[in-house]
Amino acid sequence: MNRRPTHLALSAFGWVGFACILVWTIVFLAMVGIPRTVDAPARTTPVRAIAVDLALLLLFAVQHSVMARRSVKARLARHVPAALERTTFVLATNLCLALLLALWEPWGGTVWHVGGLVAVVLWTLCAAGWVLAVTSTFAVDHLDLLGLRQAGWARPRPFEPSGVLRVDGLHGVVRHPLMTGLLLAFWATPEMGAGHLLFAVAATGYVAVGVTFEERDLRRTFGAAYDAYAARVPALLPRTRVRRRVAASR
């Protein structure tokens, strides 16, 4: 296993950045601990704020989508060592998210605000969403997802045939547990302002588009096996026992 110090350092920097961005995003949306949050007091006009926020969201979406394309990966491979391909993606994502969080412009307006037991339930669901999102990275291979394994921090995974589809664990409940966790974390809040709503709606739209393309690729790769899996396991919302009984009685 090739363990170059430069590769190890860059991948570690990417992972630390990921962890910092994760914590930053949590407090940014929860509006605690930092002065610049998703629904902080407005500092500019609503029109300018919305334009800035949409531009920041678009920047992240374009980076995340373009760098995931095979053609872009092929071009990147000409200039970046294979061991740092994933790390490069992680570093670029960290940068785009840092810009979004640092330059976000709140623009006022309350959509809903609740307290008491309802607020406790919503905060609990929000925390559960973040836990699910982070746990999901380990379900698919946390070290590989963040580029640490490729850079030499862990041994390469044993070769697995591309035709093997794993459907156990969290993926036996929903097909995209990471996206389920993120959506829950973005929407479950006792205080939803206009800025937070824009963030949540944009994120939901991006998730919907991303899941659509990912599903297409998975069906192309696994064929009938994935169709059977999709018929049995929902994409984002887990089936409850009540829903299963109703479906079975029809």
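Because the structure is predicted, anything quoted here is derived from the model rather than measured.

Caption draft 1: Geometry of the nonpolar core. Counting residues in hydrophobic clusters, the biggest one holds 18 residues, and the most contacted among them are Leu29, Leu100, Trp104, Phe186 and Phe199. Residues within four places of Leu100 in sequence aside, it is in contact with Leu56, Leu57 and Phe199. Of all hydrophobic cores here, the second largest spans five residues; its members include Tyr226, Tyr229, Ala230 and Val233.

Caption draft 2: A look at the packing of aromatic side chains. Tallying each qualifying case throughout the model produces seven aromatic pairs. Both rings, one in Phe28 and one in Trp104, keep their centres 6.1 Å apart while their planes meet at 90°; by these two values the pair is edge-to-face. Remark: Trp104 occurs in the loop between helix 4 (85-103) and strand 1 (110-113) and Phe28 occurs in helix 1 (residues 5-30); sequence separation between them is 76 residues. Trp104 carries the same exposure label as Phe28, and that label is buried.

Caption draft 3: Representation of the confidence of the model for the chain within the structure. Per-residue pLDDT for the chain has a mean of 91; in total, 93% of the residues score no lower than 70. A low-confidence stretch, residues 242-250 stays under pLDDT 50, and its non-local contacts, those more than four residues away or across chains, total three contacts.

Caption draft 4: Seen up close, the state of the cysteines. This model, assessed by the stated rule, comprises zero disulfides. This cysteine, Cys20, is not joined by any disulfide, and Cys96 carries the nearest cysteine sulfur, 17 Å off. By relative accessible area, Cys20 is classed as partly exposed at 47%.

Reading the values: the criteria
Residues numbered from 1 in each chain as written. Predicted model: local features only at pLDDT ≥ 70, side-chain atom pairs only at ≥ 80, totals over all residues. Heavy atoms only, no water. Core = buried A, V, L, I, M, F, W, Y, C linked by side-chain atoms within 4.5 Å. Buried < 20%, exposed > 50% of the residue type's maximum accessible area, 1.4 Å probe, protein only. Contact = heavy atoms within 4.5 Å. Phe/Tyr/Trp six-rings, centres within 6.5 Å; stacked < 30°, edge-to-face > 60°. Helix = DSSP H or I, 4+ residues; strand = E, 2+ residues; numbered from the N terminus. pLDDT = per-residue confidence, 0-100. Disulfide = S-S within 2.5 Å.

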